[in-house]
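# Examining the three-dimensional arrangement
As a plain string of letters, each chain reads:
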Amino acid sequence: MTLRRTLFLSLLVSLSLLAQKKPITLDTLKQRPTATALFAPIWAPNGSEFAYLRNGGLHLYDCRTKQSRPLFARLSDLTAMAVKDSRPEGAFGWQNRRVTEQHVQWAPDSSALLIAEGGDLFWITAKDGTVKQLTKTEAVEADAKLSPNGKRVSYRIENDLYFQDIASGKVTRLTRDGSETLLNGKLNWVYPEELDLNTAYWWSPDSARIAYLQFDISKEMIYPQADLLKIPAVAEPQRYPQAGTPNADVRLGVVDLETVKSRWMDLGETRDHLLARVDWLNPSEVSVQRMSRVQDKLEFLAANWETRQVRKAFGETDPYWINVNSMTRLNPERKEILWASEKSGTRHLYLLGYEGKELGQLTKGDWEVTSVAGVNWEKKLVYYTSTEVSPLERHLYVIGFDGKNKRKLTTEPGTHIISMSPAAGFYTDTYSSITVPTRQTLHASDGSNLEELKPSDRTSIDEYDILPTEFLHFKTKDGATLDARLIKPKNFDPRKKYPAIVMVYGGPHAQSVRNAWTTAANLDQVLAHKGFVIWQVDNRGSAGRGHLWEAKLYRKFGEIEVQDQKAGIEYLVGLGFVDSARVGMSGWSYGGYMTLNTMLSEPKLIKAGISGAPVTNWLLYDTIYTERYLGTPQENEKGYRESSPVHKAKNLEGKLLLVHNIGDDNVLFQNMLQMTDALERADKQFDLLIYPQKSHGVTGPARFHLNEAMVQFFERNLLH
């Protein structure tokens, strides 16, 4: 067979396979196959093993032998052993979705694992999977933690703290004044939502005491949530501090396990302050990151539980706000602190002494550190991820404490998510790009590849006609460079004019344009197959480009963001294949706010928009988020008014679909009701979809209903 004939046949085969690929439709979203589960490593203290959950069972992986073995086949067996929860069925508590308790954790000597299952606690030996049930009560032992010496386990029942001796089973109650409005070691709703704090108590290094936060939420306002599907309707009130209203009163206590007495640390006035982070510096001192209410000042305090003396180690101020983070690492032996700060305008790493003296700056440049993966204190090395290659990518680096000998450990362009062992000896790399589906590999600390844990699942690529995503960059009139992504429609013809849909989020702490794999079967692909151009821009104010980039929206939302989205649409239209009279926009949460605000601020720009769960009046959103950016309503009344689309209803010209869960615990339904009232008073027509779910997003079968409604809305208003 000649070479020419071989190439011709190969081309025919490729064309045949391409022709057989299925389009992505709404039905595809319903039938979306479940991808192979990733490893979520739960690292053992020995640094060479990790536990992981797979197919309902608990497994162990040994990095030295590269072998995996099942430890406990069915965790459901533990659930069956647990005592049924005594709380009445149907009772609903508004617990924040960001609270992430440790359901599996290792004993300090790596010999056993503590499992929280079915409301009870179990002890499983790592050698042979032998099970010992530690608790067998009708109460739920929540947020369980092993003591550093491995001899005790603490937990919370309702609103009080307890600990149990593992060997004897003896239980000791540590606090007794917990109530519906006084929470001991339990977070209120807003702290985990806006400060990413996922627990409210911490063991001392010597296992003799527990530091905990006590939340008095009695002054927080009550929002009248209700279950309206039940007959009669059931009141389900939620404590939700709206901007300008009282936060919880929070104080730090240390309870001694022998005396069972709490000592309260005098941190100064806390009424208008936030206790954002807590950790033990040593057996005597607890560190606290105390922030002003509007989060422009941070104090790193050290409180001595014995003397109750409190010293300020160091502090920071910012002309805009301080983004609290979880990158701090402490070394009691060296009395050193690895600290991440945005004082240069982008987040970088610094080494400090316990007294706050700066010992050196590790990283610097016009890019930001995005996470600390691990620290090797003996070798004086820090492993971190950053945007140094591109704001669209994340790569792993290692650098010395002296800021020298920096080395990039990841090579492939895209996004690398790192999970590193405690001693920084091994790490897993969960990697993807816009063209490479997620895969997971195991590495030694020098970056060498040891094992492929999960290969890329190319099923969707082989089976479906996935329309490619392109990255573009353009400049605004004032010189800012914005990142964008573009999907051209099926059978694209550059001579035609297509309708376009702008997908938007646009708010702080989020980045939408990333070189990372997204689920192939998604709504973007459905719409592109139906003939729409898909467009998305990360405007100023979004994450990934540094604090100064984000701070452009300080004191007023919806101005610079809208102008950047307008510049993006003008750039897109300038490419020559988009009909400027048929541009739509869609977004959820801040993206829903952006859709509304763009349509009402630039009424000629968007012909049809879908606004999901939008904040319509910033007086209705929570204290910690809103006041971080806008200040309090009392000091910035104008900024609140001009930032809120509810005051611009009369400007609506395009077709508008509003969507909201009536039980949304984050963006309260009150936002939607005030917006619809304003539109009706302005005699503006709109479409409205309401779902009864108690969450911020629409999930389950209702999501398919919403997807269909969204596609039909854009087809009806933009295709012709």
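Residues numbered from 1 in each chain as written. Predicted model: local features only at pLDDT ≥ 70, side-chain atom pairs only at ≥ 80, totals over all residues. Heavy atoms only, no water.

## Quick word on the overall build of the protein
Helix and strand counts for the protein stand at 13 helices and 45 strands. Its C-alpha atoms give the protein a radius of gyration of 27 Å, near enough to 27 Å, the size a compact globule of 720 residues would have. Dimensions of the protein along its principal axes, counting C-alpha atoms only, are 80 × 75 × 55 Å. Intrachain contacts of the protein at a sequence separation of at least 6 include 58% that bridge at least 24 residues. Summing over all exposed atoms, the protein offers an accessible surface of approximately 31300 Å²; the carbon and sulfur share of this is 51%. Where the 88 positive side-chain charges of the protein centre and where its 87 negative ones centre are 4 Å apart. (Helix = DSSP H or I, 4+ residues; strand = E, 2+ residues; numbered from the N terminus. Rg over C-alpha atoms; globule rule 2.2 N^0.38 Å. Contact = heavy atoms within 4.5 Å. Areas by Shrake-Rupley, 256 points an atom, 1.4 Å probe, with all protein chains shown as cover. Lys, Arg positive; Asp, Glu negative; His and termini not counted. Charge placed at Lys NZ, Arg CZ, Asp CG, Glu CD.)

## Structural notes on the nonpolar core
Counting residues in each nonpolar core, the largest one holds 102 residues, and the members touching the most others are Y191, L213, F215, L252, W535, F557 and W618. At 6 residues, helix α9 (residues 590-601) tops the list of elements feeding residues into this core. Not counting the four nearest positions on each side in its chain, F557 is found in contact with Y590, Y593, N597, W618, Y625, Y629, L630 and S643. Within the second largest apolar cluster, 29 residues are counted, among which are L29, I487, M503 and L718. (Core = buried A, V, L, I, M, F, W, Y, C linked by side-chain atoms within 4.5 Å. Buried < 20%, exposed > 50% of the residue type's maximum accessible area, 1.4 Å probe, protein only.)

## Thoughts on the pattern of salt bridges
Counted under the stated rule, the structure contains 40 salt bridges. The partner of D249 in a salt bridge is K219, with the nearest N and O atoms 3.3 Å apart. A residue pair is termed long-range when its members are at least 10 positions apart, and D249 in strand β20 (residues 249-256) and K219 in the loop between β15 (209-216) and β16 (222-223) qualify at 30 residues. By relative accessible area, D249 is classed as buried at 14%. Where E642 meets K638, a salt bridge forms, and the shortest distance between an N and an O atom there is 4.0 Å. In this pair, E642 and K638 both sit in helix α11 (residues 637-643), 4 residues apart, roughly one turn of the helix. Judged by relative accessible area, which is 30%, E642 ranks as partly exposed. Residue K638 is classed as exposed on the basis of its relative accessible area of 59%. Taken together, the salt bridges that share partners define one network made up of D227, K230, E236 and K694. (Salt bridge = Lys/Arg side-chain N within 4 Å of Asp/Glu carboxyl O.)

## Description of the sheet that holds strand β22 (residues 273-280)
Read from one edge of the open sheet, 4 strands run β22-β23-β24-β25, paired in antiparallel fashion. Only two strands of the sheet have a single partner each, and these edge strands are β22 and β25 (310-317). Neighbour-to-neighbour, the strand axes of the sheet open up by a mean angle of 20°, direction not taken into account. The sheet contact formed by strand β24 (residues 297-304) and β25 spans 7 bridges and is antiparallel. Each bridged residue has a counterpart across the sheet, and for L301 the counterpart in β25 is K312. (Pairing = 2+ DSSP bridges. Axes fitted to C-alpha atoms, helices over the stretch in contact; angles between N-to-C directions.)

## As for the pairing of strand β34 (residues 415-420)
The pairing of β34 with strand β35 (residues 426-432) spans 6 bridges and is classified as antiparallel. Each bridged residue has a counterpart across the sheet, and for I417 the counterpart in β35 is T430. Counted along the chain from β34 to the antiparallel partner β35, the turn is 5 residues long, and its residue A424 has a positive phi close to 60°.

## Examining the packing of helix α8 (residues 560-574) against α9
The interhelical angle for the contact between α8 and α9, taken along N-to-C directions, is 75°, at an axis separation of 10 Å. Classed by the angle they form, the pair α8 and α9 counts as roughly perpendicular. Across the interface between the two elements, E561, V562 and Q565 from α8 touch Y590, M594, N597, T598 and S601 from α9. A class-by-class count of the residues in the contact of α8 with α9 yields 3 nonpolar, 4 polar and 1 charged. (Parallel < 35°, antiparallel > 145°, perpendicular 65-115°, else oblique. Nonpolar A, V, L, I, M, F, W, Y, C, P; charged D, E, K, R; others polar.)

## Quick word on the sheet that holds strand β11 (residues 160-165)
On the basis of which strands lie adjacent, the open sheet formed by 4 strands has the order β9-β10-β11-β12 and antiparallel pairing. The open sheet has two edge strands with one neighbour each: β9 (142-146) and β12 (171-173). Sheet twist, expressed as the average angle between the axes of neighbouring strands with direction ignored, equals 20°. With 3 bridges connecting them, β11 and β12 associate as antiparallel partners. Across the sheet, Q164 pairs through a bridge with V171, a residue of β12.

## A closer look at the packing of aromatic side chains
In this structure the tally under the stated criterion is 39 aromatic pairs. Centroid distance Y593 to W618: 5.2 Å. Interplanar angle 75°. Geometry classified as edge-to-face. Highlighted residues: Y593 in helix α9 and W618 in the loop between β43 (608-612) and α10 (623-630), separated in sequence by 25 residues. One exposure class covers both Y593 and W618, and it is buried. Grouping aromatic residues by their ring pairs yields a cluster made of Y320, W321, Y505, Y554, F557, Y590, Y593, W618, Y621, Y625 and Y629. Above the plane of the ring of Y350 lies K343, whose end atom (NZ or CZ) is 4.5 Å from the centre. Positioned over the ring face of W549 is R545, at 4.0 Å from the centre of the ring. (Phe/Tyr/Trp six-rings, centres within 6.5 Å; stacked < 30°, edge-to-face > 60°. Lys NZ or Arg CZ within 6 Å of the ring centre and 35° of its normal.)

## Examining the side chain of S433
If you trace the backbone, S433 turns up in the loop between β35 and β36 (439-444). A relative accessible area of 4% means that S433 is categorised as buried. Of the polar contacts made by the side chain of S433, one reaches the backbone nitrogen of V436; its length is 3.1 Å. In contact with S433, not counting residues within four places along its chain, are P413, G414, N515, A516 and W517. (Polar contact = N/O pair within 3.5 Å; in protein donor to acceptor, adjacent residues only side chain to side chain.)

## Some details on the environment of N707
For N707, the position within the fold is in helix α13 (residues 701-718). As a C-alpha pair, N707 and L183 span 524 residues in sequence and 40 Å in three-dimensional space. In this view, N707 contacts L26, L29 and L523; residues no more than four positions away in its chain are not counted.

## Considerations on α10
Burial analysis of α10 places 8 of its 8 residues in the buried class, which makes it a mostly covered element. Within α10 the residues assigned to the buried category are T623, I624, Y625, T626, E627, R628, Y629 and L630. Considering only its buried residues, α10 is in contact with α4 (190-195), β22, α9 and α11. One side-chain oxygen at the N-terminal end of α10 lies 3.2 Å from the backbone nitrogen of I624; it belongs to D622. Directly after α10, the chain includes G631, whose backbone phi takes a positive value near 75°.

## Here we look at the environment of R97
Relative to the assigned elements, R97 resides in the loop between α3 (76-81) and β5 (104-106). A relative accessible area of 43% places R97 in the partly exposed class. R97 sits 101 residues away from N198 along the chain, and the two C-alpha atoms are 10.0 Å apart. Residue contacts for R97: discarding those within four places in its chain leaves E193, N666 and H696.

## A word on unusual backbone geometry
With an omega of -5°, the peptide bond between I231 and P232 qualifies as cis. Tracing the chain through its elements places P232 in the loop between β17 (226-227) and β18 (234-235). A positive phi angle is found at H509, which is not glycine, with a value near 65°. Position of H509 among the secondary structure elements: in the loop between β40 (498-503) and α6 (523-529). Notably, R555 is not glycine yet its phi reads approximately 75°, a positive angle.

Purely geometric numbers; function is a separate question.
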